[in-house]
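Fold and geometry: a report
Residue strings, one per chain:
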There are 2 protein chains.
Amino acid sequence: MQYINKSDIKNMAKIYRAQFINSLSGPKSANLIGTIDKSGQTNLSIVSSCVHLGADPPLVGMVIRPRSVPRHTLDNLLETGYYTINHIHKTIAKAAHQTSARYPKEVSEFSMVGLNEQYLKNFIAPYVRESEVKMGMKFLDRIHFTFNDTEFIVGEIVAVHFPENILSEEGSVNIAKANSLSVTGLDHYHELKALYRLSYAKPGKDIKEID
Amino acid sequence: MQYINKSDIKNMAKIYRAQFINSLSGPKSANLIGTIDKSGQTNLSIVSSCVHLGADPPLVGMVIRPRSVPRHTLDNLLETGYYTINHIHKTIAKAAHQTSARYPKEVSEFSMVGLNEQYLKNFIAPYVRESEVKMGMKFLDRIHFTFNDTEFIVGEIVAVHFPENILSEEGSVNIAKANSLSVTGLDHYHELKALYRLSYAKPGKDIKEID
């Protein structure tokens, strides 16, 4: 086993450390955040920090670095109060990754990377037409992390769109069937292969594969 | 496409909604949190909400529900100031899942599920011996989410242990090689299959597969 301590981490070159630390929390979700400002200018940014916060109310959190590109995302979602979360699958992974380039605010990443805006059920923020699983989000709160000057954005899921054939009987959306990807480190993309579903855990009872 | 709105979500049965909403944020990390209290009583709990918060300083966040089983985890990490994050791989997935059973505080999930405590480099909290990628964490802050009465725990990575052959040249730990799993919904486990690494994005430059 290799051992890396706090000072080893501190002494790493910046990009090397970013790759190393980004890979340690485990598989990350790969999503595109769609926003629009009041003048109608849209923005699309790739985010790997979306995290489930709770089911009732249905909440998703995400980390935004105010000093980097997603600043446009933050400005827009604060301005309108709404944004979309769109799963990235294999066919759109390169276009999704390209949204991380530093485009000026007055151009939309949608047109720059060749993805299409989609407006559904009068929701103000643009969805990604090519995405299979997409959520309409209502901004609830932002928490400033003083440790590293980032913003943690909390939103409520108010709309969900997905292909009918990927909804499992027990309620979950089958993200392997939707070909949703996972990202690790800064730029490593992974496909998901369903292994099994495990039974509800109780003391003294064996865990069984149930799917 | 199927459309689910806010009131559809509200009207779902509790477990169905938990499966549905838990699956929407995308692939989740699958980790075991190891803790110990001042009397030496250890605790181990499965957590799917670990999220990368930043590389410098190296931070990982996680969501803890105070009213559920991981309460022991929260108590212990507040008491000692330290905890461990241990990746779950295929061989230990069922044992890891079993830690979610409601054991009383005076028994350790380590012995109940058949995983071994490991103490490394004088770090106070127990690692999981069978885990391949494991981090020693220093508690930094807790943020109470009033929306759903959960705690968001922020910790700093102060130690990392992993097999030498899974460190990539560019710095990332190859979690596919470590057989780390992803969880979606409440109980669906997925393996990761490396697809590719994508090049750094710049305006006007094509994204290339670089691994």
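Everything numeric in this text was worked out from a predicted model, so none of it was measured.

Reading the values: rules and limits
Residues numbered from 1 in each chain as written. Chains lettered and ligands numbered in written order. Predicted model: local features only at pLDDT ≥ 70, side-chain atom pairs only at ≥ 80, totals over all residues. Heavy atoms only, no water. Helix = DSSP H or I, 4+ residues; strand = E, 2+ residues; numbered from the N terminus. Polar contact = N/O pair within 3.5 Å; in protein donor to acceptor, adjacent residues only side chain to side chain. Contact = heavy atoms within 4.5 Å. Core = buried A, V, L, I, M, F, W, Y, C linked by side-chain atoms within 4.5 Å. Buried < 20%, exposed > 50% of the residue type's maximum accessible area, 1.4 Å probe, protein only. Pairing = 2+ DSSP bridges. Least-squares fit on C-alpha atoms with pLDDT ≥ 70 in both. Buried area = accessible area lost by both parts, 1.4 Å probe. Salt bridge = Lys/Arg side-chain N within 4 Å of Asp/Glu carboxyl O. Nonpolar A, V, L, I, M, F, W, Y, C, P; charged D, E, K, R; others polar.

**A look at the side chain of His87(B)**
Within the element layout of this structure, His87(B) appears in strand β7 (residues 82-87). One polar contact links His87(B) to Ser180(B), side chain to side chain, over a distance of 2.8 Å. If near-sequence neighbours (up to four positions away) are discounted, His87(B) is found in contact with Ser23(A), Leu24(A), Ser25(A), Gly26(A), Ala30(B), Asn31(B), Ile92(B), Ser131(B), Val133(B), Met135(B), Ile175(B) and Ser180(B).

**Observations concerning the nonpolar core**
In this structure, Phe20(A) and Phe20(B) are the most contacted members of the largest nonpolar core, which totals 62 residues. What Phe20(B) contacts, discounting residues up to four positions off in sequence, is Val160(A), Phe162(A), Leu167(A), Gly171(A), Ser172(A), Val173(A), Ile4(B), Ile9(B) and Met12(B).

**A closer look at the pairing of strand β5 (residues 51-55) of chain B**
All names here are of chain B. Burial analysis of β5 places five of its five residues in the buried class, the great majority of the element. Where β5 and strand β6 (residues 58-64) come together, four bridges link them in antiparallel fashion. The residue bridging His52 from the neighbouring strand is Val60, located in β6. Between β5 and the antiparallel strand that follows it, β6, lie two residues.

**Looking at the relation of the copies chain B and chain A**
When chain B is fitted to chain A, the residual RMSD is 0.0 Å, and the transformation amounts to a turn of 180 degrees plus an axial shift of 0.0 Å. Within this description, the copies of the chain are treated as partners about a two-fold rotation axis. When C-alpha distances to the rotation axis are compared across chain B, the minimum falls at Leu192(B), with a value of 2.5 Å. The fraction of interface residues of chain B whose copies in chain A are also interface residues reaches 100%, indicating that both copies meet through the same surface.

**What about the interface of chain B and chain A?**
In this assembly, 104 residues from chain B lie in contact with 104 residues from chain A. Roughly 9,400 Å² is buried in total at the junction of chain B and chain A, and carbon and sulfur atoms are behind 63% of that figure. Joining chain B to chain A, the criterion identifies twelve salt bridges. Notably, a salt bridge pairs Lys10(A) with Asp56(B), separated by 3.4 Å at the nearest N-O pair. Among the residues making up the side of chain B that touches chain A, the classes are represented as 50 nonpolar, 29 polar and 25 charged. Relative to strand β11 (residues 150-162) of chain B, strand β1 (residues 2-5) of chain A runs antiparallel, the two sharing four bridges. The residue bridging Gln2(A) from the neighbouring strand is Phe162(B), located in β11(B).

**Section: the pattern of salt bridges**
Once the charged atoms of two side chains with opposite charge are near each other, the side chains can pair. Taken as a whole and judged by the stated rule, the model has 20 salt bridges over all chains. A salt bridge links Lys105(A) to Asp37(A); its shortest N-O distance comes to 3.1 Å. Separated by 68 residues along the polypeptide, Lys105(A) in the loop between α4 (93-98) and α5 (109-113) and Asp37(A) in the loop between β3 (31-36) and β4 (42-47) bring together distant segments of the chain. When its relative accessible area of 28% is taken as the criterion, Lys105(A) is described as partly exposed. Across the salt bridge formed by Arg142(A) and Glu151(A), the nearest N and O atoms sit 3.0 Å from each other. Beyond isolated ion pairs, a larger network of salt bridges with shared partners links Lys10(A), Arg17(A) and Asp56(B).

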